[in-house]
Amino acid sequence: MIDEVCFEAIAGGSSSGNLNSYSLVLTRDVERKKRLFELHSHQDFILEAPLLITFCADWYRTREWLKAREAVDNFNNLVGYLVAAMDAMIVAQNVCLGFEARGLGICYMGTTIFSMGEIAEFLDLPDTCLPVTTIVVGHPDEQPAKRDRLPLSAFMHDEVYHRMSADELDGCYSEREVKGWQRYMANPHLKRVVEEAGIESLAQFYTSKYKYDPDFFAEISSRVRVVLENSHFMP
């Protein structure tokens, strides 16, 4: 089934120039999952799920092919990385839809970016090949309600970008602020730390040290730049 899902996802996924600039690394070994558990900030479902898939922006294979045919080397640049990363994400979403259509559950892990260099080393990725995202796959033991999303009007723009007025912005986020706040406050641990930190809104929580800490993001951004440079995706 894994081969079937991945084959269909690749065959049906758009690829810039049909150069197929991505690779998938499957991890099922229990001991290797323990190391990925550490690299992905100790998220329990990594140990619980039978399968992890790391999706990589990969120009190594293509560049080796170019070299073998005496063609000009290319794609070891920032544009190359962006193209490959987009192709990898397209395939990743197709893979997720394929598994979900067969009754399995998935979860994306944004922590791939946080440990990009360490994951690349652990998976023995070659030059101009870097992890972009990771999913876990397994048989779900629960059926949680779908997460709330902003209204469609928040995403759709006719012809040019529409900058919301203050009233439109309030209306756009009003339901999200109530439901999101209730969800976090239902967690006793989060409720305690939020109250201790004096956080009074969902927006404040999202950019606090407990969620998306600006200082942490600045540090990660610097590390990602170094990884891109070391992998020859930036001059």
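Please refer to the structure higher up on the page.
### Section: the overall build of the protein
- Across its full length, the protein carries eleven helices and four strands.
- Each principal axis of the C-alpha atoms in the protein carries an extent, and together these give about 60 × 45 × 35 Å.
- Burial status across the protein gives 35% buried among its 235 residues.
- The long-range fraction of contacts in the protein, counting pairs at least 24 apart against all pairs at least 6 apart in sequence, stands at 72%.
- Carbon and sulfur atoms form 54% of the exposed surface of the protein, whose accessible area is close to 14,600 Å².
- The averaged location of the 35 negative side-chain charges in the protein is 3 Å from the averaged location of its 23 positive side-chain charges.

### Focus: the environment of Ala9
- Mapped onto the fold, Ala9 is located in helix 1 (residues 2-11).
- Look at Ala9 and you get buried, because its relative accessible area is 4%.
- For Ala9 and Ala92, which are 83 residues apart along the polypeptide, the C-alpha to C-alpha distance reads 7.9 Å.
- The contact partners of Ala9, leaving out residues within four places of it in the chain, are Val91, Asn94 and Val95.

### What about the side chain of Thr133?
- Looking at the element boundaries, Thr133 is found in strand 4 (residues 129-138).
- With residues near it in sequence (within four places) discarded, Thr133 still touches Ile53, Thr54, Phe55, Met89, Ala92, Tyr108, Met109 and Thr112.

### Regarding the pattern of salt bridges
- Inspection of every chain in the model, using the stated rule, returns 14 salt bridges.
- In this structure, Arg35 engages Glu38 in a salt bridge whose closest nitrogen and oxygen atoms are separated by 2.8 Å. With a gap of three residues between them, Arg35 and Glu38 both fall in helix 2 (residues 30-39), about one helical turn apart.
- Overall, Glu38 belongs to the partly exposed group, its relative accessible area being 42%.
- Among the ionic pairs, Glu118 bridges to Arg223, the shortest N-O distance being 3.7 Å.

### Side note on the side chain of Thr134
- Examined against the element boundaries, Thr134 turns out to sit in strand 4.
- There is a polar contact of 2.7 Å between the side chain of Thr134 and the side chain of Thr112.
- Residues within four places of Thr134 in sequence aside, it is in contact with His40, Leu52, Ile53, Thr54, Cys107, Tyr108, Met109 and Thr112.

### Quick word on the sheet that holds strand 4
- Judged by pairing direction, the sheet is antiparallel, and its four strands sit side by side in the order 1-2-4-3 without closing on themselves. Looking along the sheet, the strands with just one partner apiece sit at the ends: strand 1 (22-27) and strand 3 (105-109). Each neighbouring strand pair of the sheet contributes to a mean axis angle of 25°, computed without reference to strand direction.
- In terms of strand pairing, strand 1 meets strand 2 (residues 51-58) through six bridges, oriented antiparallel. Bridging across to strand 2, Leu24 finds its partner in Phe55.
- Most of the contacts of helix 5 (residues 78-101) go to strand 2, to which it runs at about 155°, and overall it touches strand 1, strand 2, strand 3 and strand 4.

### Describing helix 11 (residues 214-230)
- If you check helix 11, its first and last C-alpha atoms are 24 Å apart, about what 17 residues at 1.5 Å a residue would give, namely 24 Å.
- Within helix 11, burial applies to Ile220, Val224, Val227 and Leu228. Here the buried residues of helix 11 occupy an arc of 95° about the axis, which is enough to place them on one side. Residues Asp215 and Asn230 are exposed on helix 11 and point more than 90 degrees away from its buried face.
- In this structure, the buried residues of helix 11 make contact with helix 5, helix 6 (111-114), helix 7 (116-122) and strand 4.

### A look at the nonpolar core
- Counting 46 residues, the largest nonpolar core has Val95 and Phe99 as the members making the most contacts within it.
- A per-element tally of this core places helix 5 first, with nine residues.
- In contact with Val95, other than residues within four places in its own chain, are Val5, Cys6, Ala9, Leu24, Ile53, Phe55 and Ile135.
- Counting residues in each nonpolar core, the second largest holds nine residues, with Tyr184, Val193, Ile199 and Tyr206 among its members.

Cut-off values and rules
- Residues numbered from 1 in each chain as written.
- Predicted model: local features only at pLDDT ≥ 70, side-chain atom pairs only at ≥ 80, totals over all residues.
- Heavy atoms only, no water.
- Helix = DSSP H or I, 4+ residues; strand = E, 2+ residues; numbered from the N terminus.
- Buried < 20%, exposed > 50% of the residue type's maximum accessible area, 1.4 Å probe, protein only.
- Contact = heavy atoms within 4.5 Å.
- Areas by Shrake-Rupley, 256 points an atom, 1.4 Å probe, with all protein chains shown as cover.
- Lys, Arg positive; Asp, Glu negative; His and termini not counted.
- Charge placed at Lys NZ, Arg CZ, Asp CG, Glu CD.
- Salt bridge = Lys/Arg side-chain N within 4 Å of Asp/Glu carboxyl O.
- Polar contact = N/O pair within 3.5 Å; in protein donor to acceptor, adjacent residues only side chain to side chain.
- Pairing = 2+ DSSP bridges.
- Axes fitted to C-alpha atoms, helices over the stretch in contact; angles between N-to-C directions.
- Expected span 1.5 Å × (residues − 1).
- Arc of directions from axis to C-beta.
- Core = buried A, V, L, I, M, F, W, Y, C linked by side-chain atoms within 4.5 Å.

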